[in-house]
Number of protein chains: 2
Amino acid sequence: MLTYSEENYLKTIFHLSLGQQQGISTNAIAAKIETKASSVTDMIKKLNEKKLIKYQKYQGVTLTAEGLLAAKMIVRKHRLWEVFLVDKLGFSWDEVHDVAEELEHIKSEKLINKLDAFLEYPTQDPHGDPIPNAKGEIKQVDKKLLSEVETNKIVICVGVKDSSSEFLQYLDKQKISLGSKIEITDIEPFDQSYTVKIDNHNITITKKIASNLFVKEQ
Amino acid sequence: MLTYSEENYLKTIFHLSLGQQQGISTNAIAAKIETKASSVTDMIKKLNEKKLIKYQKYQGVTLTAEGLLAAKMIVRKHRLWEVFLVDKLGFSWDEVHDVAEELEHIKSEKLINKLDAFLEYPTQDPHGDPIPNAKGEIKQVDKKLLSEVETNKIVICVGVKDSSSEFLQYLDKQKISLGSKIEITDIEPFDQSYTVKIDNHNITITKKIASNLFVKEQ
DNA sequence: ATTAAAATTTAGGCAAAGCTAAAAATATAT
DNA sequence: ATATATTTTTAGCTTTGCCTAAATTTTAAT
Ligand SMILES: [Mn+2]
Ligand SMILES: [Mn+2]
Ligand SMILES: [Mn+2]
Ligand SMILES: [Mn+2]
C-alpha cells in the first residue's frame with residue numbers, strides 16, 4: 001500500500017518523464033514537489049527499495065513498470081475527479097485541480113471504476129489531458145501548440161499546456177475554451193504578438209499564450 | 001487546520017457523546033478508534049490545547065462548541081458521500097462506510113456544499129442517519145427500536161443502529177430495507193424470538209435483530 | 001479504611017516525512 | 001588538466017502519531 005507522499009512522488013516522476021529519455025533528477029523532483037533535494041533523496045531510496053523506480057546514486061530515477069502503472073492510476077483518479085467536479089458539480093475548470101490533488105489519493109478501485117462509468121468513460125479531463133483507462137492505457141490524440149501552427153489555418157483548441165488558474169481565468173476572460181475555433185490571422189514581427197480569430201471575435205494574444213494552447217488541425 | 005487523525009478523534013468523541021451526559025473516557029475513545037489509551041491521552045492534550053475539547057486529567061473529555069461544529073462537519077461529509085456512493089454510483093449500503101471514512105477528510109467547503117446540492121439536500125444517509133446541514137443543524141426524527149414496539153402495530157423501518165456490513169447483508173437477505181413495513185405478530189416467550197411481517201412476507205428474527213432496527217410509528 | 005483492580009497518565013522510543021548544514025560526486029569553465 | 005560551480009547525498013535534528021512499560025490516580029471490594 002502506498003502512502004499519500006509516495007503517490008505524490010510517483011505522479012511527479014511520471015509527469016516529469018513525459019517526452020523525456022533520461023532519468024529524472026533529484027532537483028527536478030524537488031522543484032516540482034516544492035520540497036528539498038535531501039527529502040527527495042530519502043524518498044527515492046524508499047521507492048527504489050519498493051521497486052517502484054530504478055535508481056543509481058547520482059544518476060536520476062526512472063519508473064519501473066509497476067511504478068508507471070501506479071502513477072497512471074493516480075493520474076487517472078485525478079482527472080476523473082476533475083471531470084466529476086466540472087460536469088456534475090458545476091465547478092469551473094480553474095477551481096478543480098487542488099481538490100483533485102486530494103481526491104486522487106482515495107483508495108478504492110471500485111470507487112474509481114464506478115465513477116468512470118457514472119461519467120460515461122470520459123477520455124479527456126476538463127483541461128484536455130487524456131484520462132488513462134482502467135488498464136492504464138492512454139489514448140494519445142495528436143495535438144500541437146498554437147504557436148506551431150501556420151497563419152490562416154483553422155484549428156480547434158483541445159487543451160492547455162499550463163493549467164494554472166491564472167492562465168485558465170485569462171482564457172475565460174478572452175472567451176477561449178476547449179472546442180473554440182482558432183485562426184491565426186497575423187503575427188507581428190516586432191513583438192511576436194498574434195492576431196487571432198476565436199470563434200467569431202478577433203483578439204491579440206502574446207506568444208506566451210500561443211505557446212500554452214494545444215490545438216488540433218481539422 | 002485539522003489533521004486526518006485529529007478529525008477522527010473529534011468524530012469519535014462526537015459519536016460517543018450522543019445521549020451521554022458525562023465526559024467521554026480515554027478507554028472508550030481508544031476502543032472505538034482501535035488504538036491505545038496512551039495514544040488517546042496524547043491526542044487529547046493536543047485537542048485540548050487547540051480548544052476543541054474540554055479536558056481535566058482523569059475526568060474524560062467533552063467537545064467545545066468549536067469542536068462540536070468541526071465534528072458535525074465531518075459527519076456531514078461522511079454521510080453525504082455515503083448518499084453519493086449509493087444513489088449516484090450504485091454502491092450498496094453495506095459497501096460505503098469504509099470509502100466514506102476516507103472521503104470525509106477531503107478539505108473543501110465548496111465541494112461539500114456543491115455535493116449537497118447535487119444530491120438535492122438529503123436529510124438522511126443510506127443507513128437512516130441524519131445529515132447535518134451546512135450550519136451543523138441536525139433534524140432529529142423520532143424513531144424507536146423495533147424491540148420497543150408493541151405487537152400488532154405496523155411501523156416503518158427508518159434506520160439501523162448497527163451499520164456493520166454483516167448486519168446490513170443480513171437485512172438484504174431478509175429483504176428488510178429502509179421503508180419496509182414491519183409488524184410484530186408474535187414474541188416467543190421462551191427465546192424472545194420475534195415473528196414479524198415484513199411488507200408481505202413473514203419471518204422470524206432474534207431479539208438482537210429487533211434491537212438494531214429503528215422504526216417509526218405511522 | 002484498607003486493599004485490590006481498573007483506568008489513566010507519564011516516560012521513553014520508533015517510523016514517516018520533512019528540514020539544515022556539511023560532505024561527496026559530477027559537471028563546467030578556464 | 002585543474003579549479004570552480006552545481007548537484008546530490010549524508011548526517012543529524014524535528015514533528016506527528018503511534019507504541020510498550022511503568023507510575024499514578026481513581027474506583028470497587030472487602
Ligand atoms: Mn489537475
Ligand atoms: Mn487536469
Ligand atoms: Mn458510515
Ligand atoms: Mn451511514
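This text goes with the structure placed above it.
Please read these numbers as outputs of a predicted model, since none were measured by experiment. (Residues numbered from 1 in each chain as written. Chains lettered and ligands numbered in written order. Predicted model: local features only at pLDDT ≥ 70, side-chain atom pairs only at ≥ 80, totals over all residues. Heavy atoms only, no water.)

### Things to note about helix α1 (residues 4-17) of chain B
Residues and elements named next belong to chain B.
Part 1: Here α1 spans 20 Å end to end across 14 residues, near enough to the 20 Å set by a 1.5 Å rise per residue.
Part 2: Residues of α1 that are buried make contact with α2 (26-33), α3 (37-49), β1 (53-55), β2 (61-63), α4 (65-88) and α5 (97-103).
Part 3: After α1 finishes, the residue Gly19 shows a positive phi value of roughly 60°. (Helix = DSSP H or I, 4+ residues; strand = E, 2+ residues; numbered from the N terminus. Expected span 1.5 Å × (residues − 1). Contact = heavy atoms within 4.5 Å.)

### So, the protein's contact with DNA strand D
Part 1: Near DNA strand D you find 20 residues, and of these Lys45(A), Tyr55(A), Lys57(A), Thr35(B) and Lys46(B) are the closest.
Part 2: The protein-proximal atoms of DNA strand D, defined as those within 4 Å of the protein, are 76% sugar or phosphate.
Part 3: Within the contact set of DNA strand D, a phosphate oxygen lies 2.5 Å away from a side-chain nitrogen or oxygen of Tyr55(A).
Part 4: Secondary structure elements with two or more residues in the surface near DNA strand D: α2 (26-33) and α3 (37-49) of chain A together with α1 and α3 of chain B. (Near = heavy atom within 4 Å. Polar contact = N/O pair within 3.5 Å; in protein donor to acceptor, adjacent residues only side chain to side chain.)

### A short note on the interface of chain B and chain A
Part 1: Across the boundary between the two partners, chain B contributes 20 residues, which contact 20 residues of chain A.
Part 2: Across the interface of chain B and chain A, roughly 1,700 Å² is buried in total on both sides, 72% from carbon and sulfur atoms.
Part 3: When the buried surface of chain B facing chain A is broken down by residue, Leu89(B), Glu102(B) and Lys114(B) rank first, second and third, together holding 28% of it.
Part 4: Applying the counting criterion to the chain B and chain A interface returns two salt bridges.
Part 5: Applying the counting criterion to the chain B and chain A interface returns six residue pairs in polar contact (both at pLDDT 80 or more).
Part 6: For the side of chain B that touches chain A, the secondary-structure elements that each account for two or more residues are α4, α5 and α6 (109-118) of chain B.
Part 7: In terms of residue count, α6(B) provides more of the side of chain B that touches chain A than any other element does, five residues in total.
Part 8: The residue makeup of the side of chain B that touches chain A, split by class, is eleven nonpolar, three polar and six charged. (Buried area = accessible area lost by both parts, 1.4 Å probe. Salt bridge = Lys/Arg side-chain N within 4 Å of Asp/Glu carboxyl O. Nonpolar A, V, L, I, M, F, W, Y, C, P; charged D, E, K, R; others polar.)

### A closer look at the relation of the copies chain B and chain A
Part 1: Expressed as a screw operation, the relation of chain B to chain A combines 0.0 Å of axial shift with a rotation of 180°, fitting to an RMSD of 0.0 Å. The transformation relating the two chain copies, once decomposed into turn and shift, fits a two-fold axis. For chain B, the residue whose C-alpha comes nearest the rotation axis is Leu103(B), separated from it by 3.8 Å.
Part 2: The overlap is high: 100% of the interface residues of chain B also sit at the interface in chain A, so the same surface is used on both sides. (Least-squares fit on C-alpha atoms with pLDDT ≥ 70 in both.)

### Some remarks on the packing of α1(B) against α3(B)
Residues and elements named next belong to chain B.
Part 1: In contact at an axis separation of 11 Å, α1 and α3 are set at 95° when each is read in the N-to-C sense. When the axis of α1 is compared with that of α3, the two are roughly perpendicular. Note on element contacts: α3 touches α1 through Ser39, Val40, Met43, Lys46 and Leu47, opposite Ser5, Glu6, Tyr9, Leu10 and Ile13.
Part 2: Class assignment of the residues belonging to the contact of α1 with α3 gives a composition of six nonpolar, two polar and two charged. (Axes fitted to C-alpha atoms, helices over the stretch in contact; angles between N-to-C directions. Parallel < 35°, antiparallel > 145°, perpendicular 65-115°, else oblique.)

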